[in-house]
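Chains, contacts and geometry: an overview
Spelled out from the first residue to the last, the chains are:
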Amino acid sequence: MLLSERDLDVFEILVKQNYEKVFKTIYFYTKDKYLTEDAVQQAFIIAYKKLNQLKSKDKFESWVTSIALNEAKHILKNKINKKITIINDFHIETLSYSEEDNIDLKGDIDNALNKLKHKDNEILVLRYYADLTLQQISDLLDISLSNTKVRLHRAKEAFRKLMNQEINQNQEVEVQWPYQKKNLSE
């Protein structure tokens with residue numbers, strides 16, 4: 001399908017406005033820069049071809065994010081080695097303006113997210129990073145709305161437990177420096 005000149009201009013604007021956010025969302029899901037690039041590019045190609053099916057341009061971001069997520073799932077499913085390599089440099093770049101404490105917290109969050117089960121990580125990223133509604137997540141994952149709510153609740157609980165562990169581990173490490181454990185009886 002060929003778009004009119006006006007539609008092509010609108011599509012170009014929509015891509016420029018949404019590419020980075022879609023990329024980051026899918027990256028949080030895949031943890032692989034190249035796989036993410038492939039999925040996002042394929043999603044925008046599909047979106048271009050099916051732009052006439054989009055009823056409201058306001059929903060373009062969530063629509064193309066859903067397409068990109070499905071593409072990423074498809075690529076991961078077809079990948080021989082399903083193990084995902086964790087790349088933390090991407091997260092550090094996004095926090096380059098932050099204070100040191102915020103970077104430590106971001107590291108704790110990344111570690112906790114990476115330790116979660118895949119389906120828990122997936123639903124948290126969709127809800128809190130991609131800003132999808134529960135209904136959109138339900139439709140995207142092809143599960144009922146009530147199941148979506150239960151999975152989100154369980155994922156948040158698992159995340160809280162892991163975050164508490166991460167924070168406690170960091171506090172323990174700070175206390176265990178050898179020069180802090182001097183033998184006072186000497």
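One can find the structure itself at the top, above this paragraph.
Rules and cut-offs
Residues numbered from 1 in each chain as written. Predicted model: local features only at pLDDT ≥ 70, side-chain atom pairs only at ≥ 80, totals over all residues. Heavy atoms only, no water. Helix = DSSP H or I, 4+ residues; strand = E, 2+ residues; numbered from the N terminus. Buried < 20%, exposed > 50% of the residue type's maximum accessible area, 1.4 Å probe, protein only. Contact = heavy atoms within 4.5 Å. Areas by Shrake-Rupley, 256 points an atom, 1.4 Å probe, with all protein chains shown as cover. Axes fitted to C-alpha atoms, helices over the stretch in contact; angles between N-to-C directions. Parallel < 35°, antiparallel > 145°, perpendicular 65-115°, else oblique. Left-handed = near helix turned anticlockwise from the far one by under 90°. Nonpolar A, V, L, I, M, F, W, Y, C, P; charged D, E, K, R; others polar. Salt bridge = Lys/Arg side-chain N within 4 Å of Asp/Glu carboxyl O. Phe/Tyr/Trp six-rings, centres within 6.5 Å; stacked < 30°, edge-to-face > 60°. Lys NZ or Arg CZ within 6 Å of the ring centre and 35° of its normal. Expected span 1.5 Å × (residues − 1). Polar contact = N/O pair within 3.5 Å; in protein donor to acceptor, adjacent residues only side chain to side chain.

Time to look at the overall build of the protein. Check the secondary structure of the protein and you find eight helices and zero strands. For the protein, buried positions account for 36% of its 186 residues. The contacts in the protein between residues at least 6 apart in sequence include a share of 68% that link residues at least 24 apart. Per element, the accessible surface of the protein, about 12,400 Å² overall, is 51% carbon and sulfur.

Moving on, we get to the packing of helix α2 (residues 33-49) against helix α3 (residues 60-78). Put simply, α2 and α3 touch, their axes get as near as 8 Å, and they point 130° apart. The orientation of α2 with respect to α3, classified from their angle, is oblique. Crossing geometry of α2 relative to α3 is assigned as right-handed. Touching Leu35, Asp38, Ala39, Val40, Gln42, Ala43, Phe44, Ile46 and Ala47 of α2 are Phe60, Trp63, Val64, Ile67, Ala68, Glu71, Ala72, Ile75 and Leu76, all from α3. Grouping the constituent residues of the contact of α2 with α3 by class yields 15 nonpolar, one polar and two charged.

Turning to the pattern of salt bridges, a few remarks are in order. All chains considered together, the criterion is met by six salt bridges. Because the salt bridges share partners, they merge into one network encompassing Lys73, Glu122 and Arg151.

For the coordinates displayed, the defined rule picks out seven aromatic pairs. Summarising the aromatic geometry, the rings of phenylalanine 11 and tyrosine 48 are spaced 5.4 Å apart at their centres and angled 65° between planes, so their arrangement reads as edge-to-face. With a gap of 37 residues between them, phenylalanine 11 in helix α1 (residues 5-30) and tyrosine 48 in helix α2 connect regions that are remote in the sequence. The class of phenylalanine 11 is buried, set by a relative accessible area of 9%. Ring geometry for phenylalanine 11 against phenylalanine 60: centres 6.0 Å apart, planes inclined by 90°, an arrangement best described as edge-to-face. With phenylalanine 11 in helix α1 and phenylalanine 60 in helix α3, this residue pair connects regions lying 49 residues apart in the sequence. Among the aromatic residues, ring-to-ring pairing joins Phe11, Tyr19, Phe23, Tyr27, Phe44, Tyr48, Phe60 and Trp63 into one connected group. For arginine 127, the ring lying beneath its charged end belongs to tyrosine 128, and the centroid distance is 5.9 Å.

Take α3 next. Between the first and last C-alpha of α3 there are 27 Å, a value that for 19 residues agrees with the 27 Å anticipated at 1.5 Å per step. Within the span of α3, buried status applies to Phe60, Ser62, Val64, Thr65, Ser66, Ile67, Ala68, Leu69, Glu71, Ala72 and Leu76. Of the surrounding secondary structure, the elements contacted by the buried residues of α3 are α1, α2, α6 (118-129) and α7 (134-141).

Another aspect to go through is the environment of alanine 158. Within the fold, alanine 158 resides in helix α8 (residues 145-175). Setting aside residues no more than four positions away along its own chain, alanine 158 makes contact with Leu116 and Asp120.

Moving on: the side chain of threonine 36. On the secondary structure map, threonine 36 appears in helix α2. For threonine 36, a relative accessible area of 0% gives the class buried. In terms of polar contacts, threonine 36 uses its side chain to reach the side chain of threonine 30, at 2.6 Å.

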